[in-house]
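Secondary and tertiary structure notes
Next come the chains, spelled out residue by residue.
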There are 4 protein chains.
Amino acid sequence: MTSAPIRVGVLGAKGKVGRAICEAVEAAADLELVAQVDHGDRIETFVDTRTQVVVDFTHPDVVMGNLEFLVANRIHAVVGTTGFDDARLATVQSWLAENPEVGVLIAPNFAIGAVLSMRFAEQAARFFDSVEVIELHHPNKADAPSGTAYRTAALIAAARAKAGRGPSPDATTTELDGARGADVDGVRVHSVRLAGLVAHQEVLLGTQGETLTIRHDSIDRNSFAPGVLLGVREIAGRPGLTVGIDPLLDL
Amino acid sequence: MTSAPIRVGVLGAKGKVGRAICEAVEAAADLELVAQVDHGDRIETFVDTRTQVVVDFTHPDVVMGNLEFLVANRIHAVVGTTGFDDARLATVQSWLAENPEVGVLIAPNFAIGAVLSMRFAEQAARFFDSVEVIELHHPNKADAPSGTAYRTAALIAAARAKAGRGPSPDATTTELDGARGADVDGVRVHSVRLAGLVAHQEVLLGTQGETLTIRHDSIDRNSFAPGVLLGVREIAGRPGLTVGIDPLLDL
Amino acid sequence: MTSAPIRVGVLGAKGKVGRAICEAVEAAADLELVAQVDHGDRIETFVDTRTQVVVDFTHPDVVMGNLEFLVANRIHAVVGTTGFDDARLATVQSWLAENPEVGVLIAPNFAIGAVLSMRFAEQAARFFDSVEVIELHHPNKADAPSGTAYRTAALIAAARAKAGRGPSPDATTTELDGARGADVDGVRVHSVRLAGLVAHQEVLLGTQGETLTIRHDSIDRNSFAPGVLLGVREIAGRPGLTVGIDPLLDL
Amino acid sequence: MTSAPIRVGVLGAKGKVGRAICEAVEAAADLELVAQVDHGDRIETFVDTRTQVVVDFTHPDVVMGNLEFLVANRIHAVVGTTGFDDARLATVQSWLAENPEVGVLIAPNFAIGAVLSMRFAEQAARFFDSVEVIELHHPNKADAPSGTAYRTAALIAAARAKAGRGPSPDATTTELDGARGADVDGVRVHSVRLAGLVAHQEVLLGTQGETLTIRHDSIDRNSFAPGVLLGVREIAGRPGLTVGIDPLLDL
């Protein structure tokens, strides 16, 4: 690649996540970190430094003001800040309507492996007689199943329903309470809590004589970084609003 | 589904594979087994019984004659017989040109799990810093790596090259000969041979803090049956020649 | 090994299991299959052929008569026939008291991998903060959890109690019914039922920063053969009654 | 347990490992952290505070002086400092001869899971036709295979040789260079290097129809803490020199 590096800025640069993103940008040969802005700094810095893409991991209270400024100044944005409901998304789209060449990516989950594994599970679900989900987490987690496992099971169930697939076969007649897991839209989900684990999920799909297993293991909080960099590289080529990193994966 | 069952015939019905397919068709509520033909039987039986789709697991010596008859009689075909080169495929297409409403599916591998896992590995490869393949088989296998592992690694390598991805990072400076596996187009492949195994493959993909693992386990020779039934159900809706079951998976 | 092969006989030689054992004995260089006896055949054949060890996979109705004959004739026995309660075991011991050089092995489970994995789980249980069991079987299984998983969890629980270990940590406050599995003596057990599986079990043990997983996969009914052969080779050196193959494993 | 907590001191208390041990001791209800000593501090503090067990993670240059002092003052020691050769061990034993009620544990590896998995692999090796080792690490590792994998394979090979087991069956006739891994005393070892991994090892054992897998995953550097605490709790009951934590595991 002989093209000039993309000029990247970070909003919330001094936060824990922001610092990790700054490091990741600096380590990437095709990206250049040109501006770091945090609480109290001038957001105009991005204009002064001719920043092309800004990464925003800030706070729901300030992210809308940030986005209004960025879009008005024709700077692309990759946003991991939470709190976007339909009303907020509509507002962002109204700003983008006036600057249609600008791209904004807003994603609740930048872990590429998690997103891919959900997608693959959804795609594969209708070809197998049986599907079950096992999620495994550290023992300090309060909810079981995990939010990701819920979503994964719901996606699987919807894909199977659409394909006219009935429930997974199950001849269980004698069950010790809870052995067969929780039922999420007809898909069995099992939650393991174990010291020494972080966040893991396994989707098991089976048909006559063969099984397919899709497993995702996440062992540190920085697993969002590769997804953020992917967004930074792709967003200039995707004008308008993009929600979730799935569309960037071109699956 | 209240529609009438699809009328299915089997060519090579008395062979080991053919018998397994007859059983699978009979067990499926939406399919009806109306004709079984083997060496010495009249192929015209398929016309007499108004067969809609014929499954052919016969022999390279007779499969072309079978297909010519089936297409001419406007019967769809799902073919697992081997030996199709470009010349044979062109001949089949010339027959189909005269009966464009007929569908013929010719596939070297009907194991849905194997096909899906190769496809998912290919799709995911460019999003991860590292990819390696481990294939595990029974100890009577003569070649290492397996043909599937070769193909998988080649697909991964091509996907990474297309995305401008360099090689997986590897700081190894001291290696006991063979420890790091074989190199297939820059992708490391490890072959395990173990009593008690049949045919298994694991694709490991990793980036900062997370890994994605796609594992396929095949434990019996009948794992082709679900793929054949998928072909039987879909081929009427796919006129012309289809090679491999990938297109049927709509990924 | 230059010693003469052990002279082996099989009782129930025409049954499915018996035939598999005959094959396994014939395939072993250090064993010689000298007599096959089934329903209707003369049991005295074992004496005529100077059989040293007889394998009995017959029926609860006839096994006691078989054993009385074998012990009286100073022939060692390896027994997989079911139905041994304390009264039957006491009877066998009374026969052995009169022929103290004879060895009889009676085992409910000859799968070495299953026995070893239970034992290792039991040994490891007290060193880890957390332990959970996942068992995975084909979808035709009627009971959940499996008998093996019950036994494994009970062994784990007893080992932890003896070591003064409290329950595994678990901060779950919001649970979808069944997500955390069944509770067997305080150990969580999860039962997966999936087409394409046979019989599998995973024991997960975790402490700060590390986990240990002991997994057993059984994919065919012949997995008893290596355990039976082990019994045949060892029983002459173990006079008296041995229950279960654990003692033969010298762990 | 109503007995008084064990009075524990830490040598090298300000180092990275030392701090982690101090935290672990403080978090354990049956242990009391009574003294922290580092470079420049008075070692007599342990006497003043009536310390019962000292944990030493310091440096090869100072550890012998530390041990001489501790043994002379009848304080038990748990030592993770490296650099002990036969000569050093003999010297420690000479000190212990004069204070035979003192216990000293010197261990190169306190990760209980790693030690257990090696031991289980060794115990199981002779019961299976086939054994192979896969070790998986982060891509910055310089050597392949890992030291642990070498040791594991050597233990397996020795156990098989002792039991008269021949090599694992392998019909490979066509091999792409390296596919079948490295050969360590006849045991195949495969080294995977992947971003997103830390330190993992899998021992696969197989026989007819069944496999047993022993897997160890270590995801953080603190995985030594539970092993150190085990040593602290046990060493008072084991006078004399103990090398490695294996004897404490009572397997």
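Whatever comes next refers back to the structure up there.
My aim in this report is to walk through the structure given alongside it, one point at a time. (Residues numbered from 1 in each chain as written. Chains lettered and ligands numbered in written order. Predicted model: local features only at pLDDT ≥ 70, side-chain atom pairs only at ≥ 80, totals over all residues. Heavy atoms only, no water.)

This part is about the relation of the copies chain C and chain A. Superposing chain C onto chain A takes a rotation of 179 degrees plus a shift of 0.0 Å along the axis, which leaves an RMSD of 0.2 Å. Overall, the copies show the geometry of a two-fold rotation axis. Relative to the rotation axis, the C-alpha of Gly-178 of chain C is the closest in chain C, positioned 1.8 Å from it. Taken as a fraction of all interface residues of chain C, those also at the interface in chain A reach 100%, which identifies the copy contact as same-surface. (Least-squares fit on C-alpha atoms with pLDDT ≥ 70 in both. Contact = heavy atoms within 4.5 Å.)

We now examine the interface of chain C and chain A. In this complex, chain C contributes 46 residues to the contact, which on the side of chain A involves 46 residues. Together chain C and chain A conceal approximately 3100 Å² of surface at their shared face, both sides included; 62% is due to carbon and sulfur atoms. Summed over the shared surface of chain C and chain A, the result is zero salt bridges. Seen at the junction of chain C and chain A, the total is 20 residue pairs in polar contact (both at pLDDT 80 or more). Taken together, the elements giving at least two residues each to the side of chain C that touches chain A come down to strand 6 (130-137), strand 7 (143-144), strand 8 (174-175), strand 9 (182-184), strand 10 (187-193), strand 11 (199-207) and strand 12 (210-218) of chain C. Per-class residue counts for the side of chain C that touches chain A are 21 nonpolar, 14 polar and eleven charged. Judged from the two bridges that link them, strand 7 (residues 143-144) of chain A and strand 8 of chain C form a sheet pairing that is parallel. Its bridge partner lying in strand 8 of chain C, Asp-143 of chain A is registered against Thr-174 of chain C. (Buried area = accessible area lost by both parts, 1.4 Å probe. Salt bridge = Lys/Arg side-chain N within 4 Å of Asp/Glu carboxyl O. Polar contact = N/O pair within 3.5 Å; in protein donor to acceptor, adjacent residues only side chain to side chain. Helix = DSSP H or I, 4+ residues; strand = E, 2+ residues; numbered from the N terminus. Nonpolar A, V, L, I, M, F, W, Y, C, P; charged D, E, K, R; others polar. Pairing = 2+ DSSP bridges.)

All names here are of chain A. Their axes nearest at 8 Å, the elements helix 5 (residues 112-124) and helix 6 (residues 147-162) cross at an angle of 25 degrees. Considering their axes alone, helix 5 and helix 6 lie roughly parallel with respect to each other. The handedness of the crossing between helix 5 and helix 6 comes out as right-handed. Counted together, Met-118, Ala-121 and Glu-122 of helix 5 and Thr-148, Arg-151, Thr-152, Leu-155, Ile-156 and Ala-159 of helix 6 form the full contact between these two elements. Of the residues assigned to the contact of helix 5 with helix 6, the class counts are five nonpolar, two polar and two charged. (Axes fitted to C-alpha atoms, helices over the stretch in contact; angles between N-to-C directions. Parallel < 35°, antiparallel > 145°, perpendicular 65-115°, else oblique. Left-handed = near helix turned anticlockwise from the far one by under 90°.)

Residues and elements named next belong to chain A. Here strand 5 (residues 103-106) shows no split at all, with Gly-103 and Leu-105 on one side and Val-104 and Ile-106 on the other all buried. Where strand 4 (residues 76-79) lies against strand 5, three bridges are found, and the strand directions are parallel. Considered in strand 5, the bridge of Ala-77 is made with Val-104. Since strand 4 and strand 5 lie parallel, the crossover through helix 4 (residues 86-98) that links them has a hand, and here it is right-handed. (Buried < 20%, exposed > 50% of the residue type's maximum accessible area, 1.4 Å probe, protein only. Right-handed = clockwise from strand over helix to strand, strands pointing away.)

For the rest of this paragraph, the subject is the sheet that holds strand 6 (residues 130-137) of chain D. On the basis of which strands lie adjacent, the open sheet formed by ten strands has the order 9(C)-10(C)-6(C)-11(C)-12(C)-12(D)-11(D)-6(D)-10(D)-9(D) and mixed pairing. Each end of this open sheet is capped by a strand with a single partner; those strands are strand 9 of chain C together with strand 9 (182-184) of chain D. The average angle at which neighbouring strand axes cross in this sheet is 20 degrees, direction not considered. In this fold helix 6 (residues 147-162) of chain D packs onto strand 6, strand 9, strand 10 (187-193) and strand 11 (199-207) of chain D, with an angle of close to 170 degrees to the strand it touches most, strand 6 of chain D.

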